[in-house]
Amino acid sequence: MTNTALITGASSGIGKEFARYHASKGGDLIITARRAEALEELKAELEAKHGITVHCIPLDIAAQGGARKLIETVQSQGLTVDILINNAGFGGHGSHIDRDWKLEESMVDLNVKALMELSHTFGADMVNRGGGRILNVASTAAMLPGPFQAVYFATKAFVMSYSQALDEELRDQGVTVSSLNPGLVHTGFVDAANLSGTGLSKQKGDTPQNVAKLGYDGMMKGRLVIINERRLAFMLNWITPLVPRRALLKSVRSMQTKSA
């Protein structure tokens, strides 16, 4: 029986730690991201350390037809995906109407459309084989409206909702779908999303290693929604829903406003 995990966005951050953790458990890997050199370095590291097999597929799944190309490459190589970890995604700070439309569209293409296409195809394959695991990386942003990151927050809300619905559809066929909703994680996300100087960027945050382990372990247990901090989980699940919507919007806006 195979134990192969396909991980998107595997060249850095949480995705890289997912790959390391899965390899430490003796599982083979299919890793994909845009940077071929970073993938090859990770492949060499994991194969030498754990004696497993790593397949590298460098491409941009946010590009037109990117997710389909990844699917076709996996299929043409005769690989089986037992675990799918949809980790790739990005955000961006600023008023929605001031941000470049192509960037906003690309965010939807990667955070939503690519994730959905991969889940649709490989989820069906898992059902046909009688089992499998899917972990979709969302965010605590999924549980809030997001002024100054309107599209990012909305895409993560989609991921969380979609994952739960898909899990209900597939669970009795042997496939579980989990949503990982971390708070701030110390990767390159803050700089890439231009969030430096905001209240959000000043939060304590968590390590990618810890988030990857919690997410992976939660996925293997079939947990529906995984939040890496208990205090944050309590606040989002039990306090935030009671806050008046306008007050919540102003609070999030303040958290994402850059200091002068």
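Residues numbered from 1 in each chain as written. Predicted model: local features only at pLDDT ≥ 70, side-chain atom pairs only at ≥ 80, totals over all residues. Heavy atoms only, no water.

Engineer: What exactly am I supposed to notice about helix α5 (residues 150-170) here?
Structural biologist: One full turn of an α-helix is made of 3.6 residues, so residues set three or four places apart face in the same direction. The terminal C-alpha atoms of α5, which comprises 21 residues, lie 30 Å apart, in line with the 30 Å expected from a rise of 1.5 Å per residue. Those residues of α5 lying buried are V151, Y152, F153, T155, K156, V159, M160, Y162, S163, L166, D167 and L170. (Helix = DSSP H or I, 4+ residues; strand = E, 2+ residues; numbered from the N terminus. Expected span 1.5 Å × (residues − 1). Buried < 20%, exposed > 50% of the residue type's maximum accessible area, 1.4 Å probe, protein only.)

Engineer: I'm lost on the nonpolar core in this one. Help?
Structural biologist: Soluble globular proteins tend to pack their nonpolar side chains together in the buried interior. Counting residues in each nonpolar core, the largest one holds 43 residues, and the members touching the most others are I61, L70, V74, V81, L84, L118 and F122. For this core, the secondary structure elements donating two or more residues are α3 (66-76), α4 (101-129), α5, β6 (175-180), α8 (230-239) and α9 (245-255). Per-element tally for this core: the top contributor is α5, with 8 residues. Those residues within four positions of F122 in sequence are excluded, and the remaining contacts are L6, I71, V74, V81 and L84. (Core = buried A, V, L, I, M, F, W, Y, C linked by side-chain atoms within 4.5 Å. Contact = heavy atoms within 4.5 Å.)

Engineer: Sorry, what's going on with helix α2 (residues 36-50) here?
Structural biologist: For α2, with 15 residues, the first-to-last C-alpha span of 21 Å sits near the 21 Å given by 1.5 Å per residue. Along α2, the residues classified as buried are A38, L39, L42 and L46. When α2 is viewed along its axis, its buried side chains cluster within an angular range of 95° and face the same direction. The exposed set on the far side of α2, more than 90 degrees from its buried face, consists of E37, E41 and A48. Elements in contact with the buried residues of α2: α1 (13-24), β2 (28-33) and β3 (54-58). Of the residues one or two after α2, G51 is the one with positive phi, at around 70°. (Arc of directions from axis to C-beta.)

Engineer: Explain the environment of N228 to me, please; I cannot follow it from the model alone.
Structural biologist: Checked against the element boundaries, N228 lands in the loop between β7 (225-226) and α8. Classification of N228 by relative accessible area gives buried; the value is 11%. Sequence separation of N228 and N86 is 142 residues, and the distance between their C-alpha atoms is 17 Å. Those residues in contact with N228 that sit more than four places away from it in its chain are N181, P182, G183, D206, V211 and L214. Here G183 takes part through its backbone nitrogen, which lies 3.1 Å from a polar atom of the side chain of N228. (Polar contact = N/O pair within 3.5 Å; in protein donor to acceptor, adjacent residues only side chain to side chain.)

Engineer: What is the right way to look at the side chain of K156 in this model?
Structural biologist: Among the structural elements, K156 can be located in helix α5. Look at K156: it is buried, it has no salt bridge, and the nearest opposite charge is E104 at 13 Å. Leave out the neighbours within four places in its chain, and K156 touches N111, V137, A138, S139 and A142. (Lys, Arg positive; Asp, Glu negative; His and termini not counted. Salt bridge = Lys/Arg side-chain N within 4 Å of Asp/Glu carboxyl O.)

Engineer: Sorry, what's going on with the packing of α4 against α5 here?
Structural biologist: Two numbers describe a pair of packed helices, the interaxial angle and the distance between the axes. Here α4 crosses α5 at 10°, and the two axes come no closer than 10 Å. Judged by the angle between their axes, α4 and α5 are roughly parallel. Of the residues in α5, those touching α4 at E104, M107, V108, N111, V112, L115, M116, S119, H120 and V127 are V151, Y152, T155, K156, F158, V159, Y162, L166 and L170. Per-class residue counts for the contact of α4 with α5 are 13 nonpolar, 4 polar and 2 charged. (Axes fitted to C-alpha atoms, helices over the stretch in contact; angles between N-to-C directions. Parallel < 35°, antiparallel > 145°, perpendicular 65-115°, else oblique. Nonpolar A, V, L, I, M, F, W, Y, C, P; charged D, E, K, R; others polar.)

Engineer: Help me out: how do you make sense of the pairing of strand β1 (residues 4-8) in this one?
Structural biologist: A regular strand carries its side chains on alternate faces of the sheet. A large share of β1 lies buried, amounting to 5 of its 5 residues. Burial along β1 is two-sided: the face carrying T4, L6 and T8 and the face carrying A5 and I7 are both buried. Sheet topology places β1 next to β2; 5 bridges connect them, and they run parallel. Within β2, the position partnered with I7 by the bridge is I31. Read as a crossover between parallel neighbours, the route from β1 over α1 to β2 is right-handed. (Pairing = 2+ DSSP bridges. Right-handed = clockwise from strand over helix to strand, strands pointing away.)

Engineer: Can you walk me through the pattern of salt bridges in this structure?
Structural biologist: A side chain with one charge can pair with a side chain of the opposite charge if their charged atoms come near. According to the stated counting rule, one finds 10 salt bridges in the structure shown. For the salt bridge of E17 with R20, the shortest nitrogen-to-oxygen distance reads 2.8 Å. One end of the pair, E17, and the other, R20, are both in helix α1, 3 residues apart, so they sit about a helical turn from each other. Note that E117 and R68 form a salt bridge whose closest N and O atoms lie 2.9 Å from each other. One end of the pair, E117, is in helix α4; the other, R68, is in helix α3, and 49 residues separate them in sequence. The network of salt bridges with shared partners includes E17, R20 and E45.

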